[in-house]
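Residue-level structure breakdown
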Amino acid sequence: MRIKKLTQLFIVGISLWLVLDLQKITVDNIYFLLYLPLLGLAYWLLKTPLLAGRYLNGYFCFTFAALLAVVTIWEVIDYRNRAVDKLLLVEVILAVIGLTILFEKMFQVLIQCSIVKNIIGRSKGISWLQSFSIISIGWLLYLLPFLPGNVAGDGNFQLLQFYGAIPMNNHQPILSTIFEGEVFNLGRCLGGDNFGLFLYVCIQMLICALIYSWCISRVSKLGVNRVIAVACSLFVGLAPYWSFASTTLHKDGMFLALFALYVTVLLLIGVELFIGHTNGIRKKWGGGKIPGLIISGLLVCFWRNDGIYMVAPPLFCLIFVEKGRFWKRFLLSLAIVVSVYVGFIKVALPSMNIAPTERIETLSLPVQQTARYLKAYPNDVTNHEKHILATTFKNPEKLREIYVPNNADPVKFSLRKKFNLRKYAKVWLDMGLRHPGVYLSATFAGTNGYYVPWILAPDFTWCGAMADYAKPTFLHMHYVTSAKVRNRFIQIIGSAGTVPFINIFFSTSIAIWLCLLMALLMWTKYGFRFIVPIIPIFMNLLICIASPVNGLVRYSGCTVFATFMLIIYYLYILKFGKKKGEPND
């Protein structure tokens, strides 16, 4: 056994060395500062006996670990932009093997710790008012240096639409535009432009604080220690994430909260349906949360154009849980959400002469792959393919020049207004089959910010400004505080947000991997129905992958708070859930 552990440690040590070498970290800077602690951590992980054997099936866990290892090494190679050769392939294979061993052990230890150190007890958690007070005080500290509030570029754009300076469309969800505009206009009528901004920010802060505090309070009632519930409230109130997002005029602050509300309602329904009791108090599920599920789902749809793809799949899955006992309620919920949303998009918007979301938004990933193909293989394009590309793009010869790996907008905006999508799809597929590697490279380069967990997590400090983008010239909004105070505040908060043990808690990529690990365990041990509340997280990831900009926290930031709530749900399932094959009480 000792020889096996030493062999594993040797392989892991080689892989860690290769990772650092591929990153070109040398002895002259921080090589040993990083390598020796990493090797010590690896030794501790590998020697730690599993508390109850492999709780998660080794096949699944090793596959999962290998996937993370490949993503990690790919990010290293992509970062260094190193040419592929035989030596690199050998290094990559060795590094993947070593990291797979290390990550598999790390996953097993994490799972075992969540079982043995389960924090679910008999505590009554925190009250809604207490959590609301903590969060509100924290956000006020963020608002005071930035009075009357902040405005994001999208917020400016929505104000331009509301006041008729530019045509209305649904690129920014129209209901969010109307809500922001009406509240702003009310304040403007009462006390001027600055008061309009202040009124909107205050109302948004109130709504978001009520939502987050309700989520924390209700989930903490599952048996979370009050200290943990208070700490969560403090983190939401003081971290440069929800605080800046909720004190800025834009749609994203509201969407983060509405997504959290939908996921929380889902998991509370899951607890009552799948477990049958809350903190030991047995309850017969009567469908009382169905109205909340429908309303929160619709709000997610109306505050994010892709929201329907996050809301509908879990509702569909709920139709079949518990052997379909409640299929009528969930089918009706799904029908209401879909019919209202589709009716709004297909009937209400055209009747108001409001343009729908542009079709090109859905083509971000394919056009990036096409541009990278033309950059890598400009001579491997048939005359027929050139003709189709010429009818699809305004200037296909320049795609290789305007291609930006992290941002599809330059290529996307070169699409013609009218083109044959079916013919372009055929050409796109043929080119991809010839050189699939370049499509994979384009995909990874344009999406890795959403699932590589080793990247510094962004926050919402960029919200701490009145953006110049699309700024309405007819509105006179300005700060009443000193620029020196604001800049110093952002500097301090921004620095605190990069501290690793703080930054890790608002990393959307780490949240994704935690959700994947929790879902894998619950699916294999307890059944598919237990992962239904996590489905919106995965759907959001797929939407982010298809989005035009890589690693944009506006797209992925909704997963972080929802993951906090889902971790408590996961721990509750571990404590009270019935495994596959176990009889129900």
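Per-chain numbering applies: the sequence of each chain, read as written, is numbered from 1 onward. Reporting of local features is limited, given that this is a predicted model, to residues whose pLDDT is at least 70; pairs of side-chain atoms are given and counted only at 80 or more, and all residues count toward the totals for whole chains, interfaces and linings. Think of the side-chain values as coming from all heavy atoms in the structure, minus any hydrogens and water.

Some thoughts on the overall build of the chain
- From N to C terminus, the chain includes 26 helices and four strands.
- Its C-alpha atoms give the chain a radius of gyration of 25 Å, within 12% of the compact-globule value 25 Å for 585 residues.
- Projected onto its principal axes, the C-alpha positions of the chain cover 75 × 70 × 55 Å.
- Considering only contacts in the chain between residues 6 or more positions apart, those separated by 24 or more positions represent 81%.
- Method for areas: the Shrake-Rupley scheme with a 1.4 Å probe, in which residue coverage is limited to the protein chains shown. Accessible area of the chain: about 26,800 Å², with a carbon and sulfur share of 67%.
- For the purpose of charge, His is not counted, nor are the chain termini; Lys and Arg are scored as positive and Asp and Glu as negative. By convention, the charge on Lys lies at NZ, on Arg at CZ, on Asp at CG and on Glu at CD. Counting 54 positive and 27 negative side-chain charges, the chain places the centres of these two groups 10 Å from one another. Secondary structure counts use DSSP, requiring at least four H or I residues in a row for a helix and at least two E residues in a row for a strand, with both numbered from the N terminus. Radius of gyration: C-alpha atoms only; globule rule: 2.2 Å multiplied by the number of residues to the exponent 0.38. The criterion used for residue contact is that any of the two residues' heavy atoms lie within 4.5 Å.

Re the side chain of Thr563
- Tracing the chain through its elements places Thr563 in helix H26 (residues 558-576).
- Given the relative accessible area of 3%, Thr563 is considered buried.
- Contacts of Thr563, omitting those with residues within four sequence positions, involve Ala511, Cys515 and Ile537. Exposure categories follow from relative accessible area, calculated using a 1.4 Å probe and restricted to protein chains: below 20% of the type maximum is buried, above 50% is exposed, and the middle band is partly exposed.

Some thoughts on a nonpolar patch on the surface
- Each patch is built from residues that are more than 30% exposed by relative accessible area and take part in no salt bridge. Like charges join if they lie within 9 Å; nonpolar side chains (Val, Leu, Ile, Met, Phe, Trp, Tyr) join within 5 Å. For this document, the term salt bridge refers to a Lys or Arg side-chain nitrogen within 4 Å of an Asp or Glu carboxyl oxygen. Taken together, the side chains of Ile137, Leu141, Leu234 and Leu238 present a nonpolar region at the surface, about 360 Å² in accessible area.
- Of all elements in the fold, only helix H5 (128-143) and helix H9 (226-238) reach the threshold of two or more residues within the nonpolar patch.
- You can see Leu234 is positioned in helix H9.
- The class of Leu234 is partly exposed, set by a relative accessible area of 38%.

Things to note about empty space enclosed by the protein
- Cavity: a set of points on a 1 Å grid over the protein atoms alone where a 1.4 Å probe fits but cannot get out. Pocket: an open set with protein on both sides within 12 Å along at least five of seven lines, its lining residues, like those of a cavity, having an atom within 4 Å of a point. Grid points are joined across faces, edges and corners, and a volume is the space filled by probe spheres set on the points. According to the stated counting rule, one finds two cavities of 30 Å³ or more in the structure shown.
- Taken as a whole, the largest cavity holds about 80 Å³ of empty space.
- As for the largest cavity, its lining consists of 14 residues, of which Leu365, Gln368, Gly446, Ser547 and Pro548 are closest to the centre.
- Among the elements of the structure, helix H15 (364-376) and helix H20 (436-447) are those that each provide at least two residues to the lining of the largest cavity.
- For this scheme, ten residues count as nonpolar: Ala, Val, Leu, Ile, Met, Phe, Trp, Tyr, Cys and Pro. Four count as charged, namely Asp, Glu, Lys and Arg, and the remainder, Gly too, count as polar. Considered class by class, the residues forming the lining of the largest cavity number six nonpolar, eight polar and no charged.
- In this model, the second largest cavity occupies a volume close to 50 Å³.

Quick notes on the packing of helix H13 (residues 307-318) against helix H14 (residues 327-351)
- Helix axes are fitted only over the stretch in contact, all axes being lines through C-alpha atoms; the angle between N-to-C directions runs from 0 to 180 degrees. One way to put it is that H13 packs onto H14 with a least axis distance of 8 Å and a crossing angle of 160°. The orientation of H13 relative to H14 falls into the category roughly antiparallel. In the crossing of H13 with H14, the sense of the turn from one axis to the other is left-handed. Contact with H13, carried on its side by Ile308, Val311, Ala312, Leu315, Phe316 and Leu318, involves Phe330, Ser333, Leu334, Val337, Val338 and Tyr341 of H14 and no other residues of that element. Working definition: roughly parallel below 35 degrees, roughly antiparallel above 145 degrees, roughly perpendicular at 65 to 115 degrees, and oblique for all remaining angles. Each crossing is labelled by how the near helix is turned from the far one, with a counterclockwise turn of less than a right angle marking it left-handed and a clockwise turn marking it right-handed.

Focus: the layout of surface pockets
- Reported here for the second largest pocket is a volume of approximately 1,400 Å³.
- Looking at the second largest pocket, it is lined by 41 residues, and the ones nearest its centre are His171, Asn305, Asp306, Thr357 and Glu361.
- Elements represented by at least two residues in the lining of the second largest pocket include exactly helix H6 (153-162), helix H11 (251-275), H13, H14, helix H18 (409-412) and helix H25 (553-556).
- The element that contributes the greatest number of residues to the lining of the second largest pocket is H14, accounting for four residues.
- Within the lining of the second largest pocket, the residues separate by chemical class into 19 nonpolar, ten polar and twelve charged.

Here's the deal with helix H23 (residues 508-525)
- Multiplying one less than the number of residues by 1.5 Å gives the expected span of a helix. Relative to the 26 Å expected for 18 residues at 1.5 Å per residue, H23 spans 26 Å between its end C-alpha atoms, a close match to the ideal helical length.
- A positive phi of about 125° marks Gly527, the residue just after H23.

Examining the nonpolar core
- Among buried residues, the Ala, Val, Leu, Ile, Met, Phe, Trp, Tyr and Cys ones that are joined through side-chain atoms within 4.5 Å form a nonpolar core. Among the nonpolar cores identified, the biggest contains 164 residues, and Tyr212, Trp242, Leu293 and Phe561 are the most heavily contacted of them.
- The greatest single-element share of this core, amounting to 19 residues, is contributed by H11.
- Excluding anything up to four places from it in sequence, Phe561 contacts Tyr212, Cys215, Ile216, Val236, Trp242 and Ala260.

Some remarks on the confidence of the model for the chain
- Per residue, pLDDT captures the predictor's confidence, and it can take any value from 0 to 100. On average, the chain scores 88 in pLDDT, and the residues at 70 or more come to 91%.
- Per-element confidence in the chain ranges from a low mean pLDDT of 48 for strand S4 (residues 281-282) to a high of 97 for helix H8 (residues 193-220).

Looking at the state of the cysteines
- In what follows, a disulfide is any cysteine sulfur pair within 2.5 Å. Overall, the coordinates contain zero disulfides when judged by the stated rule.
- No disulfide involves Cys515; its sulfur sits 11 Å from the nearest other cysteine sulfur, which is in Cys558.
- Among the residues examined, Cys515 registers a relative accessible area of 0% and is labelled buried.
- Not part of a disulfide, Cys558 finds its nearest cysteine sulfur in Cys544, a span of 6.7 Å.

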